Amino acid sequence: MLPVVAFSGLVVLQLASEMQRSIERRLQRAAHVMNASFEREVAATVRTLQALAGAASLDRGDLHGFREEAIRVQATQPSWLTVLLLTPEGQQLVNVRQPPGAPLSQATEPESVRGIVETRQPTVGSLKRSPSSQRWAFPVRVPVIRDGQLKYVLTAVIPPEALEAVATHEQPAEEGEFTRTIVDSQGLIVFRTRSPERFIGTPATATYRKNTLAALEGVFRSVTLEGTQSYVAFSRSPSSGWVSSVVVPVELIDGPLRRSLWVVAVSGLLAMLVSTGGALVFARRFARGIRSVAVAADSLAHGEQPLIEPSTIAEVDRVGQSLVVSAERLRQHAQEEQRAREGLEAAVRARDEFLSLASHELKTPLTSLMLQTQLLQRRLERNESLPPGGLTRLLDQTARQTRRLSRLVNDMLDISRITAGKLALERETFELAAFASEVVAKLTPQLSEAGCEVSVRTTEPVLGHWDRYRLEQVLTNLLTNAARYGAGTPVEVSVRRLEQRAELRVRDQGRGIAPADQERIFRKFERAVGGHEVAGLGLGLFIVREIVEMHGGSVHVESALGQGATFVVILPLQASLALEDVSKESLG
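Residues numbered from 1 in each chain as written. Predicted model: local features only at pLDDT ≥ 70, side-chain atom pairs only at ≥ 80, totals over all residues. Heavy atoms only, no water.

Colleague: Describe the pairing of strand E11 (residues 243-249), listing the residues and the values that go with them.
Modeller: In terms of burial, E11 is a largely internal element, seven of the seven residues being buried. Judged by which residues are buried, E11 turns out to be covered on both faces: Val243, Ser245, Val247 and Pro249 on one side and Ser244, Val246 and Val248 on the other are all buried. One ladder, built from five bridges, connects strand E7 (residues 179-183) with E11; its direction is antiparallel. Bridging from a neighbouring strand, Thr179 pairs with Val247 of E11. Sheet analysis places strand E10 (residues 229-236) next to E11, joined by seven bridges and oriented antiparallel. For Ser235, the partnering residue across the bridge sits in E11 and is Ser244. (Buried < 20%, exposed > 50% of the residue type's maximum accessible area, 1.4 Å probe, protein only. Helix = DSSP H or I, 4+ residues; strand = E, 2+ residues; numbered from the N terminus. Pairing = 2+ DSSP bridges.)

Have a look at this one:
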């Protein structure tokens, strides 16, 4: 149950994390929409002020006429407290809330006036309390430029309550939302949906200021002015530096996660208790069956036949039956091991026999070479001259024994490569009949010594893609066998094409091979006659079969005792038609 409980906890954590990210994205979107709404309102106010700044009365310096125009414009903007016309030094020239001729003061918020003088760009000032009315308000200012010179600063003074529509416009409050807040560039709260009369004009918390100055948008965890742990999603205006934020209590986001984890923990604890109780209830029932299986296993370990008591538990009963089957299989395995041991002993005997045969076969040419060498050495020591033709015979005998020794060594090397899987083919395209004639020509001296006359018969060119060296080895082995077992009789080599295959036949007129031996002779160390009758390791035909099968072909023998033998090699052509046509043209 523990993995199930752990997995459930991971699933709950993942779902809760996804839900938390979804809520944060929704809050971030709400803050972004609120900030965009604030910037649109500021832009609308700036456009209205810029239109008013183009009044002709300002060109003439007619402040009274401008005042009348400003009153008409303010009437269309219910959210404005007043309209001010200031000098670049911050002195009020027109204040539509004051009667004509009344004394006017300096700008309440001079920092934004200085900003206008420096940048000559519209700006939003910070929140200030009016000394006369004691009301909180913030200015939106635009420059009035004539002839390239800053002549006036035109200002609309806006109260905080005008931002209520900005905070709630286009998007309703989020579920469980604590408050929405707009903070000016100086960190003062300009508007707040919760308790605005209490907090407008008060500084935002240090954590709020630090996080909102670090990025244009984001979500962070903080404590509200009321002391509530909350998540704050904010969006800061890059032009004015004002921040719009949406505040949601931590409990709204983290609460579902904690409750889900408690549910998983309690459910897991109950499941563990139920599992433990079930284990205790059924333990006695299981113990009897398990003891019976343990006794049977001990009997099996000591080589005895296990005795199994029937059990009401199906799984335990199956284990008991499996032990009985295992005992029977162990007995069978012991018998198979005995047979394998006997086979291994037979293989060791065959190895020893092969080593004995190989040493005998290798010793024969080596002994002959040693005797000839010693004879020649004694004659040289005695300064005796060889009889006419003696040196030629000596060299012929030496060459013959050397070839025999080389053939034996090559056969053993090929067997080693075949066994290790390292015998590779190097294919090339050539004509088989001409190739057979070349091999026969090379072997003519050796075949002549055996008294064999070899003829090559073909009806048409047979072009294929094979390994020249390995096929020479195949034909050489077959011709050597024909000379060995059919000495003094003619040998015929024939080549013909069978559709997409080539057929190579080597026919002798020797003693023939019994049907019972025709498959056996292609195995390692096997011969159709006794080892005392004909020399050799019994590897030639095995190597022939392996090379032919590596080419994708086959080899078999057609023979009867006393009627000679015909070895038939079938090879796939694997040659392109174009190349075959060219070869036929060249052969005429």
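Colleague: Describe the pattern of salt bridges, naming the residues involved and giving the relevant values.
Modeller: Evaluated as defined, the whole model comprises 16 salt bridges. We note a salt bridge from Arg21 to Glu18, for which the minimum N-O separation is 2.3 Å. Here Arg21 pairs with Glu18, and both are found in helix H1 (residues 2-53), just three residues apart, close to one helical turn. When its relative accessible area of 33% is taken as the criterion, Arg21 is described as partly exposed. As a salt-bridge pair, Glu546 and Arg545 come within 3.8 Å of each other at their nearest N and O atoms. With respect to burial, Glu546 and Arg545 carry one shared label: buried. (Salt bridge = Lys/Arg side-chain N within 4 Å of Asp/Glu carboxyl O.)

Colleague: So what about the nonpolar core? Which residues, and what values?
Modeller: Nonpolar side chains tend to gather and get buried jointly when the protein is soluble and globular. Core analysis: the biggest nonpolar cluster contains 45 residues, and Phe66, Phe138, Leu154, Leu163 and Trp242 have the highest contact counts within it. Among the elements that take part in this core, H1 stands out by supplying eleven residues, more than any other. Leu423, Leu471, Val544 and Ala565 belong to the second largest nonpolar core, which has 44 residues in total. (Core = buried A, V, L, I, M, F, W, Y, C linked by side-chain atoms within 4.5 Å.)

Colleague: Pulling in residues and values, what's your account of helix H3 (residues 63-75)?
Modeller: Turn by turn, an α-helix covers 3.6 residues, leaving residues three or four places apart pointing in a common direction. Its 13 residues give H3 an end-to-end C-alpha distance of 18 Å, which sits within 8% of 18 Å, the value for a rise of 1.5 Å per residue. Taking the backbone nitrogen of His64 as reference, a side-chain oxygen 3.4 Å away marks Asp62 as the first, capping residue of H3. (Expected span 1.5 Å × (residues − 1). Polar contact = N/O pair within 3.5 Å; in protein donor to acceptor, adjacent residues only side chain to side chain.)

Colleague: Any details on the packing of aromatic side chains? Residues and values, ideally.
Modeller: Here the structure, examined in full by the defined rule, presents seven aromatic pairs. Ring plane angle 50 degrees and centroid distance 5.2 Å describe the contact between Phe430 and Phe435, whose orientation is recorded as tilted. Judged by relative accessible area, Phe430 falls into the buried class, the value being 4%. Between Phe430 and Trp466 the ring centres are 5.4 Å apart and the planes differ by 70 degrees, which places this aromatic pair in the edge-to-face class. Here Phe430 is found in strand E12 (residues 427-431), whereas its partner Trp466 is found in strand E14 (residues 463-467), with 36 residues between them in sequence. The pair formed by Phe430 and Trp466 is uniform in burial state, with each residue classed as buried. Cluster of aromatic residues (ring-pair linked, three or more members): Phe38, Phe138 and Trp242. Cation over ring: Arg192 sits above Phe199, and NZ or CZ is 4.5 Å from the ring centre. Over the ring of Phe178 we find Arg194; its NZ or CZ atom is 4.1 Å from the centre of that ring. (Phe/Tyr/Trp six-rings, centres within 6.5 Å; stacked < 30°, edge-to-face > 60°. Lys NZ or Arg CZ within 6 Å of the ring centre and 35° of its normal.)

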